[in-house]
Amino acid sequence: MMMFTRKSAYRATASDFRILQQHMEMGIFPSSFLFFNHHHISTSACTRKPSLPQNNGGFVSKNSTNIIIDDALASFYRMVRMNPRPSVMEFGKFLGSFAKKKQYSTVVSLCNHMDLFGVTHNVYSLNILINCLCRLNHFDFSVSVLGKMFKLGIHPSASTFNALINGLCNEGKIKEAVGLFNEMVRRGHEPNVISYSTIIKGLFKSGNTSMAVQVFKKMEQNGCKPDVVTYNTIIDSLCKDRLVNDAMEFLSEMVERGIPPNVVTYSSIVHGFCNLGQLNEATRLFKEMVGRDVMPHTVTFTILVDGLCKEGMVSEAQRVFETMIEKGVGPNIYTYNALIDGYCLQGQMNEAK
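What this report covers is the structure whose coordinates are included nearby.

Counting residues in hydrophobic clusters, the biggest one holds 96 residues, and the most contacted among them are I235, I269 and L304. Residues contacting I235, with those up to four places away along its chain left out, are A247, F250, L251, M254, T265, S268 and I269.

Below you can see the structure in the form of structure tokens.
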């Protein structure tokens, strides 16, 4: 199994995690618990301190509407009053339905109510809670939930680690994320495609491009085959780093492996070519995309229209716009703005109107 760090650094990681577990089992919850030492990885400056406003008996964001919370609580109260009470799995599915709708603050509030009403948790429901807290950029609070798992005798699963790794990556703490990945392996959990994709994305965001590619190439060696999401992650990141030729190599590789590129794959590379001013390549790839029966969406068309307009190719951009309408793809404000700017740059004010 692949490790990203030297042996001495790995031992420190494992020791830190075991100390954390012992402290949490005694009810001691530090505000920050991962202190890994991975000197060869650069560090992003992005760090946040959690600050959760209180409302409705739980933690909810300012953007959460009272209607969503009230409806969720009404359904929850019906469940807790049922005799016999629904199983913990049913409560987990209930939480999961809100998590899938990205109502993360609602999930946190519901979990607090579960505690108040004595509803038990299992690894599934706590994983949902950890994931929601991480997506709300409140990693420190997710650590408290991990401590609760230890106290309840619930063993963390691969999904637990994946959520925490993602939370660390979102906060720019890539060293800690890599350390936790290694700890996940030490504890006998096989990293899956989500684990690898999360680490790869985090490494790219923190500027560790070569290491991200290295991890990607070692995935299959460790028995984990990358999927279209993994390829899209690395292709999009390479294009943002202006390494579009490298991205094209990965596109060819995924096609050779029988993994069909989707609209996200092509849109990323088309955008990459446009940013480099290589509109002929962008247009060629756009046509290839259509030839492979991958339907461009509004974002794809808008990227190409904007790119053509910026290079003064307004008539070509107009044709792409007309094709967009013919295909039944609705333009948005960014599509119109790109076209208007293109005409203005060419001094064609009447067309811009």
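Here the focus is the packing of aromatic side chains. On inspection of all chains with the given rule, the structure shows 10 aromatic pairs. Each ring, one from F76 and one from F91, has its centre 6.0 Å from the other, and the planes form 65°; the classification is edge-to-face. With F76 in helix α2 (residues 66–81) and F91 in helix α3 (residues 88–100), this pair connects stretches of sequence that are 15 residues apart. Given the relative accessible area of 1%, F76 is considered buried. Aromatic side chains F216 and Y231 sit 5.0 Å apart centroid to centroid with 75° between the ring planes, which places their arrangement in the edge-to-face category. Taken together, the positions of F216 in helix α10 (residues 209–219) and Y231 in helix α11 (residues 228–240) put the pair 15 residues apart, joining distant regions of the chain. Judged by relative accessible area, F216 falls into the buried class, the value being 4%.

Let us look at unusual backbone geometry. For the bond from N83 to P84, the omega torsion is 0°, close enough to zero to count as cis. By secondary structure assignment, the location of P84 is in the loop between α2 and α3. A positive phi angle, near 60°, is found at N137, a position not held by glycine. Locating N137 in the fold gives a position in the loop between α5 (123–135) and α6 (139–151). In this structure, D293 is a non-glycine residue whose phi angle is positive, near 65°.

Per the stated rule, a full pass over the model turns up 12 salt bridges. E183 is the salt-bridge partner of R186, the closest N and O atoms lying 2.8 Å from each other. On the criterion of helical spacing, the pair formed by R186 and E183 is a turn pair, its members being three residues apart in helix α8 (residues 174–186). By relative accessible area, R186 is classed as partly exposed at 31%.

About the criteria used
- Residues numbered from 1 in each chain as written.
- Predicted model: local features only at pLDDT ≥ 70, side-chain atom pairs only at ≥ 80, totals over all residues.
- Heavy atoms only, no water.
- Core = buried A, V, L, I, M, F, W, Y, C linked by side-chain atoms within 4.5 Å.
- Buried < 20%, exposed > 50% of the residue type's maximum accessible area, 1.4 Å probe, protein only.
- Contact = heavy atoms within 4.5 Å.
- Phe/Tyr/Trp six-rings, centres within 6.5 Å; stacked < 30°, edge-to-face > 60°.
- Helix = DSSP H or I, 4+ residues; strand = E, 2+ residues; numbered from the N terminus.
- Salt bridge = Lys/Arg side-chain N within 4 Å of Asp/Glu carboxyl O.

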